[in-house]
Amino acid sequence: MNKTKKMMVGVLSTLMAASLAACSDESLPPKPKDQDCDDWEWDSTTGTYVCDDEDSSYHRHYYYGGHYYPSKRKLQRSAAYKSYQQSTEFKAKAKSGIGSGTKGSFFGG
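The rules behind the values
Residues numbered from 1 in each chain as written. Predicted model: local features only at pLDDT ≥ 70, side-chain atom pairs only at ≥ 80, totals over all residues. Heavy atoms only, no water. Helix = DSSP H or I, 4+ residues; strand = E, 2+ residues; numbered from the N terminus. Buried < 20%, exposed > 50% of the residue type's maximum accessible area, 1.4 Å probe, protein only. Areas by Shrake-Rupley, 256 points an atom, 1.4 Å probe, with all protein chains shown as cover. Pairing = 2+ DSSP bridges. Axes fitted to C-alpha atoms, helices over the stretch in contact; angles between N-to-C directions. Patch = residues over 30% accessible without salt bridge, like charges linked within 9 Å, V, L, I, M, F, W, Y side chains within 5 Å. Salt bridge = Lys/Arg side-chain N within 4 Å of Asp/Glu carboxyl O. Lys, Arg positive; Asp, Glu negative; His and termini not counted. Charge placed at Lys NZ, Arg CZ, Asp CG, Glu CD. Phe/Tyr/Trp six-rings, centres within 6.5 Å; stacked < 30°, edge-to-face > 60°.

1. Observations regarding the overall build of the chain
Now for step 1: Helix and strand counts for the chain stand at 4 helices and 4 strands.
Now for step 2: Starting at the N terminus and ending at the C terminus, the chain contains elements arranged as α-β-β-β-β-α-α-α.
Now for step 3: Across the 109 residues that make up the chain, the buried fraction comes to 27%.
Now for step 4: As displayed, the chain offers around 7800 Å² of accessible surface, 53% of which is attributable to carbon and sulfur atoms.

2. Details of the sheet that holds strand β3 (residues 62-64)
Now for step 1: Reading across the sheet, the 4 strands line up as β1-β2-β3-β4 and stay open at both edges, with antiparallel pairing between neighbours. At either margin of the open sheet sits one strand with a lone partner, and together these are β1 (40-43) and β4 (67-69). For this sheet, the mean inter-axis angle between neighbouring strands, taken without regard to orientation, is 40 degrees.
Now for step 2: The sheet contact formed by strand β2 (residues 48-51) and β3 spans 2 bridges and is antiparallel. Within β3, the position partnered with Y49 by the bridge is Y63.

3. So, a positive patch on the surface
Now for step 1: On the surface, a cluster of positive charge is contributed by R73, K74, R77 and K82.
Now for step 2: The element best represented in the positive patch is helix α2 (residues 72-77), accounting for 3 residues.

4. What about the packing of aromatic side chains?
Now for step 1: Scanning the model with the defined rule gives 10 aromatic pairs in all.
Now for step 2: Here the aromatic rings of Y63 and Y68 are separated by 4.8 Å at their centres, their planes lie at 70 degrees, and the arrangement is edge-to-face.
Now for step 3: The exposure class of Y63 is buried, given its relative accessible area of 15%.
Now for step 4: When its relative accessible area of 15% is taken as the criterion, Y68 is described as buried.
Now for step 5: On the basis of an interplanar angle of 85 degrees and a centroid distance of 6.3 Å, the ring pair of Y81 and F90 is categorised as edge-to-face.
Now for step 6: Relative accessible area serves as the criterion here: at 0%, Y81 is assigned to the buried category.
Now for step 7: Accessibility expressed as a relative area gives 5% for F90, which makes it buried.

Encoded structure:
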């Protein structure tokens, strides 16, 4: 491998590591500790966690306020969630930051 390729691999590796570290944003709320799901993904569009545990009966369900919602529509119809959407906490966590999946993110989301 020539020097240019080695340098590019090094630069890309560093950028990737930095972007992955940024995706684990410390400002996110802690992952739910619910016995019905062992794997969680942050959904930046709803500002909630989604169960990503394929062995769970709640796989792909949104989780907010101690409740599972089988679809984004059902989540958004919840009175508690509607109140959360109006909060500054939601606006800070759901709509901004690296790894949010919004256009203009590092990877062009």
